[in-house]
Amino acid sequence: MIEQGLFKRHFVGRDGFIWWIGQIAPAKSWKSNIPANPNSPSSGFAERYKVRIMGYHTADPETLTDDQLPWAQVMYPITAGGGPGGAFQSANLTQGTFVFGFFMDGEDAQNPVIMGALGYNDYNQVMSNVPATRFIPFTGYEPNDAVAVTQVKAKPGQESAPLNDNGGGTNRGTTVTESTNGSNTQNDLGSQGAKEDPARNRTIATTEECKSKVGKIQQDIKNAIVEIEGIKKSIYSYQYAIAKKTADIQEKINKKIDEAAEYITEGIKWIIIQIQKAITKTINDNAKKAFNALNPGEQAELKEPVETANDLIACLFKKIIAALLNIVKDFLLGALNKVINTATCLVDNFLGTLFAGIADLVDGVMSQAFGAINAALGGIASIAGGALDIIIDVLSFLSCEEKPECAEVDEWDFWSGAGESAMSDLAGIVDKVTSFSGSVTDTINSSFNPDNFNFNIDFDSVFKDAAAGANGCFSGPRACGPPTANFFGGGVGAAVNLIVSGGGSVIGADIANAGINYIAGKTYAKVKDDCGKGRGAVIKPILGQVVVGDGTNGTTVDPTGTLPPGTVTTGIVGVDIIEGGIGYLPTFDGSLGGDGRTWANPDDTTVQHDDGSYEVPIPPGYVVEVVTGDTVVVPDNVITDANELIPARTPHVVLNDGKFTSPEKPVTPLIGEYPITSLGSYPAIMYLCQIVIDNAGINYSAGDKVIIEPNNGAEAVATFDNFGTLNGIKVTKGGEGFTELPEIYIESQTGFNAILRPRLCIDRIGEDVEKPVTGDLVTVIDCVGKLNGTN
């Protein structure tokens, strides 16, 4: 037979069928190629694997490294589909799996395709770690992977390792991808949309005694604003334009307003009903006192005016509740274009204005009701009362009444877990009611007419104050930067700067102030990202004893001023990074946002009108019309058709009506371009100070080594008990210059299931560290004001 290669046609299917057997290389060489899923960032190209092919590649990884191996594509069965029309399944291959296939390019052998896998069985001696020489069966697990007890085939003392059926993995159905840690995760459009929805936080149902009515109202307002904003932004969506559904936008907005108004109204109605009960009780209690002062013959004459007073109050509150839905809708309509951040103070002002208006109305009706009762008394006695005092008493009582033990966690987010919801509470609006009373409604007539009742409140002053940042209450956009740490469940005053790696993970924390009065077992922490850039970070506060002082020499500052210097209290002395998360900003990137979402991208043009309302941020390439008095921010210099220059990234008040095309070139962002604090930064160096044992594992041996990757000079040793379980790990050298969380595991032929987590500590250059240092530095953004002395 003539050598087939002499007649090579370079035509797939006509150059012969060259098949092969190989082994999937260690996961480190290919796992970044896995398509993105909610738990793992990826530069994913597709499901491809690095394969070491027998006869074509050496078994020595030092001669031919795993990274140098060719990428192999995967052949799927006809039942899996190939991707078009949403029909696909993910591959179920792990490191160490023996596979077979063919070369798509024939004898050139550069384009392998995996056709199938060869399974392991109980008679295979499978190595726990990747062997120095390849083509030896080794487990599909990575060192930090948890091994299910049902999959452990080895007995203590044997050399065979935990065996995963068929080389690792579990059976999966359609629309499922495998995360980098071996877990199975849904990756459909529904979950992706939920992940990216910044209004996803929902309050958790709880008992009546534990409910924070105002906190729920705040969350509902926030959700409505963000969701409607997303609908408005769809006018710049290419997909929406294709669907030609732009005409439906206003209909969707109206529907969303109606839905939100109903939720918010329910929360407010509960408070109003408590006020009605208190006022009715006040009238009847006073009437009873007057009744006892009358002669028996005169007591019957008091019955009718008292019943009339009760009817008037009942009728008034029925009218108020009936009007409440429209009042809430008016507030939402005003807030949609004027509120970017639903600040606690904004909600306090809204409710304070509302309840002050109710107090003004009820005052008039109470005067009318008490007048009739006093007339029936004929001067023998008289009763009087003020609605304002009663409402304040009710709000104070509802906020201060003794409640049963309630859960510290009252909010749940599917992607970032438990947290504490809006901090606003009834106590925060008591002062607002007093200050706003008498100024938010028209003069009340001395006679209440149920057939001619009109209750409207103007919230313009609430929005104007918030837009201007009056009294520290700012509802406008904030510069997007590093996340912050929120501590809740007891204690006050802790201030922490989180440190974010260049890859977007939280890797450490610098304690600026430890705070006071935190309680072990009842103090929680959550990473808060105002702009929703990152997700997935989980942190845990480390509590310890601190001494109250001026913040120097390791002392803590008492923000309440109630503890004298020298007092020993419990503060936040460290932060444990359970999960670093992904996508967080290490510094400011020029975008703007709030309430957990990015409102404007760095290359967007923003327009704020002189009434405080904002246009939806405008992407590059659109015609922007502005009028005199508008405040405009553009990513690059632009000249309007009225020949007016608008400088880049600087708030500019328009002098002449005109229009321009939104520019495309973003420039370096400026801190302080909106009403935010100008923040500083400081250099620091990070070192490994502790290795936390999350799972002690089993079956390890005394000679097993602790591996730190990258180690940056760090070293650690482990000790084990008789069952091979970790007793402890001691960091013998901390290394220096960490800019990412290292991966730590125990290299062992027999042991498994140890889960180790690094804790990085920080030295501030020029403060804790006086001598020159080697290694990479990190830049810590001073989000809590350490440099300007605010803590």
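A few points on the structure. Residue numbering note: each chain is counted from 1, following its sequence as written. For a predicted model such as this one, the threshold for reporting local features is a pLDDT of at least 70, and the threshold for listing and counting side-chain atom pairs is 80 or more; totals across whole chains, interfaces and linings nevertheless cover every residue. Heavy atoms throughout the structure, all of them, feed into the side-chain values; hydrogens and water do not.

Notes on the sheet that holds strand β27 (residues 681-698)
The test is simple: Paired strands, in this sense, are two strands between which DSSP finds at least two bridges. Helix and strand definitions follow DSSP, with helices as H or I runs of at least four residues and strands as E runs of at least two, each counted in order from the N terminus. To obtain each axis, a line is fitted to C-alpha atoms, and for helices this fit is confined to the stretch in contact; angles are then taken between N-to-C directions over 0 to 180 degrees.
Within the open sheet, the three strands sit side by side as β32-β27-β33. Their pairing is antiparallel. Looking at strand neighbours, the two that pair on one side only are β32 (752-764) and β33 (778-781), the edges of this open sheet. Between one strand axis and the next, the sheet turns through 50° on average, direction left out of account.

Here's the deal with unusual backbone geometry
With glycine set apart, most residues show a phi of negative sign, and most peptide bonds adopt trans. Filter applied, for reference: Burial status follows relative accessibility: with a 1.4 Å probe on protein chains alone, a residue under 20% of its type maximum counts as buried, one over 50% as exposed, and anything between as partly exposed.
Here Glu709 and Pro710 are connected by a cis peptide whose omega angle stands at -15°. By secondary structure assignment, the location of Pro710 is in the loop between β28 (705-709) and β29 (714-720). We note that Asn517 has phi near 60°; this positive angle belongs to a residue other than glycine. Structurally, Asn517 is set in the loop between β14 (506-513) and β15 (524-528). Residue classification places Asn517 among the partly exposed positions, given a relative accessible area of 42%. Backbone geometry at Asn553 places phi at a positive 55°, although glycine is not the residue there. Using a relative accessible area of 80% as the deciding quantity, one classes Asn553 as exposed.

What to know about the packing of aromatic side chains
The condition that has to hold: Each aromatic pair joins two rings of Phe, Tyr and Trp (for Trp, the six-membered one) with centres within 6.5 Å, and gets the label stacked for planes under 30 degrees apart, edge-to-face for over 60, and tilted for any other angle. A ring is considered to have a charge above it if a Lys NZ or an Arg CZ atom is located within 6 Å of its centre and within 35 degrees of its normal.
By the definition in use, this model includes ten aromatic pairs. Relative to Phe350, the ring of Phe331 has its centre 3.9 Å away and its plane inclined at 20°; by these criteria the two rings are stacked. Taken together, the residues Phe331 in helix α5 (residues 296-336) and Phe350 in helix α6 (residues 344-377) connect sequence positions 19 residues apart. We note Arg48 situated over the ring of Trp71; from NZ or CZ to the ring centre the distance is 4.4 Å.

Some thoughts on empty space enclosed by the protein
The line we're drawing: Detection works on a 1 Å grid of protein atoms alone, calling trapped sets that fit a 1.4 Å probe cavities and calling open sets with protein on both sides within 12 Å along at least five of seven lines pockets, with lining residues defined by an atom within 4 Å of a point. Grid points are joined across faces, edges and corners, and a volume is the space filled by probe spheres set on the points. For this classification, Asp, Glu, Lys and Arg are treated as charged, while Ala, Val, Leu, Ile, Met, Phe, Trp, Tyr, Cys and Pro are nonpolar and the rest, including Gly, are polar.
The tally for this structure, following the rule as stated, stands at seven cavities of 30 Å³ or more. What the second largest cavity holds in volume is close to 110 Å³. Lining the second largest cavity are 13 residues, and of these Glu229, Leu336, Asn337, Trp599 and Val616 sit closest to its centre. The element that contributes the greatest number of residues to the lining of the second largest cavity is helix α2 (residues 213-233), accounting for four residues. The residue makeup of the lining of the second largest cavity, split by class, is nine nonpolar, one polar and three charged.

Some words on the state of the cysteines
As a reminder of what qualifies: A pair of cysteine sulfur atoms is labelled a disulfide when the two atoms are within 2.5 Å.
Following the criterion strictly, the structure yields two disulfides and no others. A sulfur-sulfur separation of 2.0 Å characterises the disulfide bridge that pairs Cys480 with Cys531. An S-S torsion of about -90° defines the bridge between Cys480 and Cys531 as left-handed. Of this pair, Cys480 sits in the loop between β11 (478-479) and β12 (484-488) while Cys531 is found in the loop between β15 and β16 (538-547), placing the two residues 51 residues apart along the sequence. Note on accessibility: Cys480 and Cys531 belong to one class, buried.

Observations concerning the side chain of Ser505
Rules: Whether two residues are in contact is decided by their heavy atoms: any pair within 4.5 Å suffices.
Within the fold, Ser505 resides in the loop between β13 (495-500) and β14. Those residues in contact with Ser505, other than ones at most four positions away along the chain, are Ile499, Val500, Gly580, Gly581 and Ile582.

Considerations on a nonpolar patch on the surface
Note the following rule: In this analysis, a patch consists of residues with relative accessible area above 30% that form no salt bridge, clustered at 9 Å for like charges and at 5 Å for the nonpolar side chains Val, Leu, Ile, Met, Phe, Trp and Tyr. Areas reported as accessible are Shrake-Rupley estimates using a 1.4 Å probe. Residue values count occlusion only from the protein chains shown. We define a salt bridge as a side-chain nitrogen of Lys or Arg found within 4 Å of a carboxyl oxygen belonging to Asp or Glu.
On the surface, a cluster of nonpolar side chains totalling about 440 Å² of accessible area is made up of Phe17, Trp19, Met75 and Met115. Topologically, Trp19 is positioned in strand β1 (residues 19-24). On the basis of relative accessibility, which here comes to 54%, the residue Trp19 falls in the exposed class.

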